[in-house]
Amino acid sequence: MNTPSSPSAAEPEGRPPVRIGALAPLTPPGWAEAGRQLLAGLELAVRDVNDSGGIGGAPLSLVVRDTAADPRRAEAAVDELADLGVAALAGEYHSVVARAAAARADALGLPFLCSSAVLDALTDRLAEGVARLAPAQSHGWRVYADFLLGAGHRRIAVAADPSVYWASGTRILRDRLAPLGGTVVELDASALAPAAVCDALAGHRVTALLLLTGYPDPAVPVVAAVRRDPRLAGLMIGAPAGQPEFAGWATSLGADGAAVPFLRYLPEPPGPLGARVGAALGERLGEPPSFVAFEGYDTIVVLAEVLRAHGTDRAAVAASWGRVAVEGTRGPVRFSRTPGTGVWQWAWAPVQVADRDPADPSSFRILHTG
């Protein structure tokens, strides 16, 4: 898939474009809704960069590849994009896919700014040319654990699929909750039907269920089953990975999808740039933008600043992360070395715990910030 950004009326002319390779999950089994939001942010920022003169008079363009949540496909895309001469690599949502892309990009000397994947160890070793905008999972999920504790939840169940990402999340939650008397009960979402999940929840007498599962299946059927089980009337359902922010969640679950707290990486209130970009993203998407769209926009903001300051030589771009200082839609972006990540990390984007308002599931409530 090759979809350069559409030219704008003010796009610079007369010089070859500076090309950025973009990775996103645009087809199943990837989370295509997240990929669409990510791509919308990337494309809008490219338009804005070109409207303001491009990169030293040259237009910026995207060369998009669909990863479909497949690490091998992502590796092949990185190889192809490197051969096409892109100046840098951007994007990706799924953590396991981003890890594969980061390792391959590092091996090829291709700078990679990861937009949205949160797994702490994005690379197994220090990678000079890889940076990330999304907070590390341990940071965001500790904030979520603090929210649970503040809301009085000490006995929590997780319905988890087998995955390094979900296993990491479970470990983070347990490590944060256990010293304060919290207990985490693990349920295998891949082996239990929704009715069996409800039976287990009732038997363990938990006060909260966290969905660490695929979306829409099995997350949506589990939520529907729990909401209809009278034994679980007081049970809080949570989804720290952020599924309820997307429009598909509300479409699938309606009122049942409200009051499900999730993590998102946005400030409150948004600054002037965030408000302007949010309105433009809403027009482009035809729906309210998620935090993933803002991550996409900020990715291009950072890359444009780097390319303007240091040129398009890959080695120069890769060596520049520690000198970045740019205003993004969610605050000033600077990168540092953060233990356990292997990459240059923005520490940290704003973190919210939010949910859909039961009185109006199309709007959101902010429950906690960290």
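Reference entry: report on the structure contained in this document. No experiment lies behind these values; they were computed from the predicted model shown.

What counts and how
Residues numbered from 1 in each chain as written. Predicted model: local features only at pLDDT ≥ 70, side-chain atom pairs only at ≥ 80, totals over all residues. Heavy atoms only, no water. Pairing = 2+ DSSP bridges. Helix = DSSP H or I, 4+ residues; strand = E, 2+ residues; numbered from the N terminus. Axes fitted to C-alpha atoms, helices over the stretch in contact; angles between N-to-C directions. Contact = heavy atoms within 4.5 Å. 1 Å grid on protein atoms, 1.4 Å probe; cavity = no way out; pocket = protein on both sides within 12 Å on 5 of 7 lines; lining within 4 Å. Points joined across faces, edges and corners; volume = space filled by probe spheres on them. Nonpolar A, V, L, I, M, F, W, Y, C, P; charged D, E, K, R; others polar. Salt bridge = Lys/Arg side-chain N within 4 Å of Asp/Glu carboxyl O. Buried < 20%, exposed > 50% of the residue type's maximum accessible area, 1.4 Å probe, protein only. Core = buried A, V, L, I, M, F, W, Y, C linked by side-chain atoms within 4.5 Å. Expected span 1.5 Å × (residues − 1). Parallel < 35°, antiparallel > 145°, perpendicular 65-115°, else oblique. Left-handed = near helix turned anticlockwise from the far one by under 90°.

Moving on: the sheet that holds strand β1 (residues 18-24). In spatial order, the strands read β2-β1-β3-β4-β5-β14-β13; together these seven strands make up an open sheet with mixed pairing. The sheet is open, and its two borders are formed by β2 (60-66) and β13 (335-337), each paired with just one other strand. Mean inter-strand twist for the sheet, computed between neighbouring axes without regard to direction, equals 25°. Helix α10 (residues 291-310) contacts β1, β2, β3 (88-91), β4 (112-114) and β13 of the sheet and is inclined by roughly 165° relative to β3.

The volume enclosed by the largest pocket comes to roughly 620 Å³. Taken together, 30 residues form the lining of the largest pocket, with Trp31, Tyr93, His94, Tyr165 and Trp166 sitting closest to its centre. The greatest single-element share of the lining of the largest pocket, amounting to three residues, is contributed by helix α3 (residues 95-108). Taken together, the residues that form the lining of the largest pocket break down as 20 nonpolar, eight polar and two charged. In this model, the second largest pocket occupies a volume close to 420 Å³. Around the second largest pocket, the lining is made up of 26 residues, and of these Glu245, Arg264, Leu266, Pro288 and Pro289 lie nearest the centre. Secondary-structure elements contributing two or more residues to the lining of the second largest pocket are α8 (247-253), α9 (272-285), β15 (352-357) and β16 (360-369). In terms of residues, the lining of the second largest pocket owes the most to one element, α9, which gives four residues. Broken down by class, the residue content of the lining of the second largest pocket amounts to 13 nonpolar, seven polar and six charged.

This part covers the pairing of β16. For β15 and β16, the ladder comprises six bridges, and the chain directions are antiparallel. Within β16, the position partnered with Val353 by the bridge is His368. Connecting the antiparallel pair β15 and β16 is a turn made up of two residues.

As enumerated under the stated definition, the model contains 19 salt bridges in all. For Asp79, the salt bridge identified is with Arg104, shortest N-O distance 2.6 Å. Linking Asp79 in helix α2 (residues 71-83) with Arg104 in helix α3, this pair joins segments that are 25 residues apart in sequence. Of the residues examined, Asp79 reaches a relative accessible area of 24% and is grouped as partly exposed.

Attention now moves to the sheet that holds strand β9 (residues 236-238). The strand order across the open sheet built from four strands is β7-β6-β8-β9, with neighbouring strands paired in parallel fashion. The sheet is open, and its two borders are formed by β7 (183-188) and β9, each paired with just one other strand. If you compare each strand with its neighbour and ignore which way they point, the axes differ by 25° on average. Across three bridges, strand β8 (residues 208-212) lies against β9 in parallel orientation. Pairing of Leu209 across the sheet is with Ile237, part of β9. Most of the contacts of helix α5 (residues 164-177) go to β7, to which it runs at about 160°, and overall it touches β6 (155-160), β7 and β8. Its contacts with the sheet place helix α7 (residues 219-227) against β8 and β9, and it is angled at close to 165° to β8.

Looking now at unusual backbone geometry. With omega at 5°, the peptide bond leading from Pro28 into Pro29 counts as cis. Checked against the element boundaries, Pro29 lands in the loop between β1 and α1 (32-51). Cis peptide bonds are those with omega within 30 degrees of zero, and the linkage from Ala347 to Trp348 qualifies with 0°. One can find Trp348 in the loop between β14 (344-346) and β15. Although it is not a glycine, Glu92 adopts a positive phi angle of roughly 75°. Within the fold, Glu92 resides in the loop between β3 and α3. By relative accessible area, which is 0% here, Glu92 ends up buried.

A few words now on the nonpolar core. Within the largest apolar cluster, 107 residues are counted, with the highest numbers of intra-cluster contacts made by Leu201, Val302, Trp321 and Phe335. If near-sequence neighbours (up to four positions away) are discounted, Trp321 is found in contact with Pro111, Phe112, Leu113, Glu128, Gly129, Val130, Ala131, Val302, Leu303, Val306, Phe335 and Trp344.

Count 3.6 residues to each turn of an α-helix, and residues three or four apart come out pointing the same way. The first and last C-alpha atoms of α1 sit 28 Å apart over 20 residues, in line with the 28 Å expected at 1.5 Å per residue. Of all 20 residues making up α1, 16 are buried, and the element is well covered by its neighbours. Of the residues one or two after α1, Gly53 is the one with positive phi, at around 110°.

With that out of the way, let us pick up the packing of helix α6 (residues 194-204) against α7. Packing of α6 against α7 brings their axes to within 9 Å, and their N-to-C directions diverge by 50°. The orientation of α6 with respect to α7, classified from their angle, is oblique. The hand of the α6/α7 crossing is right-handed. Residue-level inspection shows Pro194, Val197, Cys198 and Leu201 of α6 in contact with α7, the latter providing Pro221, Val222, Ala225 and Val226.

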